[in-house]
Amino acid sequence: MITLKEALKLSQEEIQNLKKELNERAKKESHLGAYIEQFLGKDLSQTCEGIPIAIKDNISVKGWELTCASKILQGYVAPYDASAIVNLKKNGFAPYGRTNMDEFAMGSSTATSYYGKTLNPLNPNKVPGGSSGGSAAAVASGLALASLGSDTGGSVRQPAAFCGCIGFKPSYGRVSRYGLASYSSSLDQIGVLTQNVEDAAILYDAIAGYDKMDSTSANIEFIKTAPQLNKNRKLKIAVIENYINDASEEVKKTLLKTIDMLKSYGHEIVYKHMLDCKYDIAAYYIIATAEASANLSRYDGVRYGRRSENIENLKDMYIKTRSEGFGEEVKRRILLGTFVLSSGYYDAYYIKAQKARAFIKAKYEEILKDCDLIFMPVTPTTAFDFNAKKSPIEVYLEDVYTISLNLAGLGGISVPVGKDKDGLNISAQFVCKSFEEQTLLDGALSLENIIKEGK
């Protein structure tokens, strides 16, 4: 598959041929389930001319169905373009295909989708990660040049690490959330999944910037990153030692080898410690589920999508529509969120979680005051089996190294650095200060280059 940079040089006729080729490939490899259209036996959705970019099914594209991979939103058609889509179109890109996801972006495996599960292109018995598993699988399998996803607690970086592509989450506020279906408003961020770091910078440049339609958008100057990429820039990198030591043996071994390569290339390495990840997990799932319970209250059978039949009154309609429309994981998170916001528990859980969040953010800021980037794992293990009998808590722990970035509002990127004994991908994660994506991308490009030379 050609890169995004190469696609920018194509004529309109060549771009149309590329779209046809991608559509044919998607039909032939429908078993992968990267696109929702593959489950429905349809052609990939498209709207306009331009270089094709796959779009996660929770980002609004005018005239497309927008279902968040949920039964409750079946039949809902987006009436407008998300700001990220408007920006894409302005820069010569075009939405092309709806990628599968965990229902309402709640999951780490893309197995909670109403349509069915997405397979990992590296091994069909393994999960592709989530919730942007469809976006990652489409890029990793050559069914998309690049894709947009959303990242609430690692949902771009974790599937990118499982499938072996680049997953980049910008700082909170850098890319408009207008038109992104809300899961947890203070944590959600649109991100990009690409074949390489340069493509990530190109696509990020196309969607980033201030947006008056989004009250959380950062009204600060945005300078394009792709023209200024510098793989030779030497950086001071803080390695989070306790995170690496807590990862599986193969992940730990690969990351230690990567650190040595960064050192030999001229980067300054220092070792730091972060808080035990259990505080990140606790704070994240209290805040995320609390916000989800409020955000998902709008799906009640009155305004959006599907409504239950055989109803007797308004209360009956609410109960039946939501009971039939939401999957088990979504119901679980709504219940958790409603509980932590309820009378008597708000102070005990939600307020404490917000205090823990401020403490986690301060710890990151303390380390980044002295360093350019932070280096740590993306996931504690490589991709796990679909039939692995994991409890909800075990699944939540898959995001143990990614969620703290969302709590702190920082930018992060997942870069492939090796393989395990079964040929599954292992990635490293870089973290930057708020709005210093240029430094993040420079570091990631340097790492990508070091890994290529090492091979």
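What counts, and at which threshold
- Residues numbered from 1 in each chain as written.
- Predicted model: local features only at pLDDT ≥ 70, side-chain atom pairs only at ≥ 80, totals over all residues.
- Heavy atoms only, no water.
- Axes fitted to C-alpha atoms, helices over the stretch in contact; angles between N-to-C directions.
- Helix = DSSP H or I, 4+ residues; strand = E, 2+ residues; numbered from the N terminus.
- Parallel < 35°, antiparallel > 145°, perpendicular 65-115°, else oblique.
- Contact = heavy atoms within 4.5 Å.
- Nonpolar A, V, L, I, M, F, W, Y, C, P; charged D, E, K, R; others polar.
- Buried < 20%, exposed > 50% of the residue type's maximum accessible area, 1.4 Å probe, protein only.
- Salt bridge = Lys/Arg side-chain N within 4 Å of Asp/Glu carboxyl O.
- Core = buried A, V, L, I, M, F, W, Y, C linked by side-chain atoms within 4.5 Å.
- 1 Å grid on protein atoms, 1.4 Å probe; cavity = no way out; pocket = protein on both sides within 12 Å on 5 of 7 lines; lining within 4 Å.
- Points joined across faces, edges and corners; volume = space filled by probe spheres on them.
- Lys, Arg positive; Asp, Glu negative; His and termini not counted.
- Pairing = 2+ DSSP bridges.

Trainee: Just give me the short version of the packing of helix α12 (residues 328-341) against helix α13 (residues 346-370), but keep the residues and values in it.
Mentor: At a minimum axis distance of 7 Å, the contact between α12 and α13 shows a crossing angle of 105 degrees. By the angle class used here, α12 and α13 are roughly perpendicular. For the pair formed by α12 and α13, the contact residues are F339, V340 and L341 on the first element and Y346, Y349 and Y350 on the second. Classifying every residue of the contact of α12 with α13 gives 6 nonpolar, no polar and no charged.

Trainee: So what's going on with the packing of helix α7 (residues 197-207) against helix α16 (residues 437-454)? Which residues, and what values?
Mentor: Packing of α7 against α16 brings their axes to within 9 Å, and their N-to-C directions diverge by 160 degrees. When the interaxial angle is binned, α7 and α16 end up roughly antiparallel. Here V197, A201 and Y204 of α7 lie close against α16, whose contacting residues are E437, L441, A444, L445 and E448. Here the residues of the contact of α7 with α16 are counted per class, giving 6 nonpolar, no polar and 2 charged.

Trainee: Please give an account of the environment of T338 that cites residues and values.
Mentor: Within the secondary structure layout, T338 lies in helix α12. Spatially, the C-alpha atom of T338 lies 29 Å from that of V127, the residues being 211 residues apart in sequence.

Trainee: I'd like a rundown of helix α4 (residues 83-90), residues and numbers included.
Mentor: All of the buried residues along α4 are S83, A84, I85, N87 and L88. Buried residues belonging to α4 abut β1 (51-56), β2 (93-99), β3 (146-150), β5 (190-194) and α7.

Trainee: Explain the pattern of salt bridges to me, using residue names and the numbers behind them.
Mentor: Opposite charge on two side chains makes pairing possible when the charged atoms of those side chains draw close. Per the counting criterion, the structure on display carries 19 salt bridges. A salt bridge links R157 to D151; the nearest nitrogen and oxygen atoms lie 3.0 Å apart. Considered together, R157 and D151 belong to a single accessibility category, that of buried residues. Notably, a salt bridge pairs R174 with E437, separated by 3.8 Å at the nearest N-O pair. One end of the pair, R174, is in the loop between β4 (166-169) and β5; the other, E437, is in helix α16, with 263 residues separating them in the sequence. Each member of the pair, R174 as well as E437, is classed as buried.

Trainee: Could you give an account of the nonpolar core, naming the residues involved and the relevant values?
Mentor: Counting 138 residues, the largest nonpolar core has L88, F104, L148, Y364, F375 and F430 as its most contacted members. If you tally residues by element for this core, the top one is helix α10 (residues 277-295), at 10 residues. Those residues in contact with Y364 that lie beyond four places of it in its chain are M274, I374, M376, S404, L405, A408, L410 and V431.

Trainee: Give a detailed account of empty space enclosed by the protein, specifying residues and quantitative values.
Mentor: Throughout the structure, instances matching the rule amount to 3 cavities of 30 Å³ or more. The volume enclosed by the largest cavity comes to roughly 60 Å³. What lines the largest cavity is simply A105, G107, T152, G153, S155, Y183, Y284, Y285, R333 and D399. Residue composition of the lining of the largest cavity, by class: 4 nonpolar, 4 polar and 2 charged.

Trainee: Outline the side chain of R177, listing residues and values.
Mentor: Locating R177 in the fold gives a position in the loop between β4 and β5. With no salt bridge to any partner, buried R177 finds its closest opposite charge in D214, at an N-O distance of 4.2 Å. Here R177 is in contact with Y172, S182, S185, D188, D214 and T216, once residues within four sequence places are set aside.

Trainee: Describe the sheet that holds β3, and please don't skip the residues or the numbers.
Mentor: Overall, mixed pairing links the 10 strands, which are arranged β2-β1-β3-β5-β4-β9-β10-β8-β6-β7 in an open sheet. Pairing within the sheet leaves two strands with one partner each, and these edge strands are β2 and β7 (268-272). With strand direction ignored, the average angle separating the axes of adjacent strands in the sheet is 25 degrees. Of the pairings in the sheet, the one linking β3 to β5 comprises 5 bridges and is antiparallel in character. Note on β5: the bridge partner recorded for A146 is T194. Contacting β6 (236-240), β7, β8 (373-377), β9 (411-419) and β10 (425-432), helix α9 (residues 249-264) crosses the sheet at an angle of about 55 degrees to β10. Against the sheet, α16 contacts β4, β8, β9 and β10, and its axis sits at roughly 5 degrees relative to β9.

Bear in mind that shape data such as this cannot, by itself, settle questions of function.
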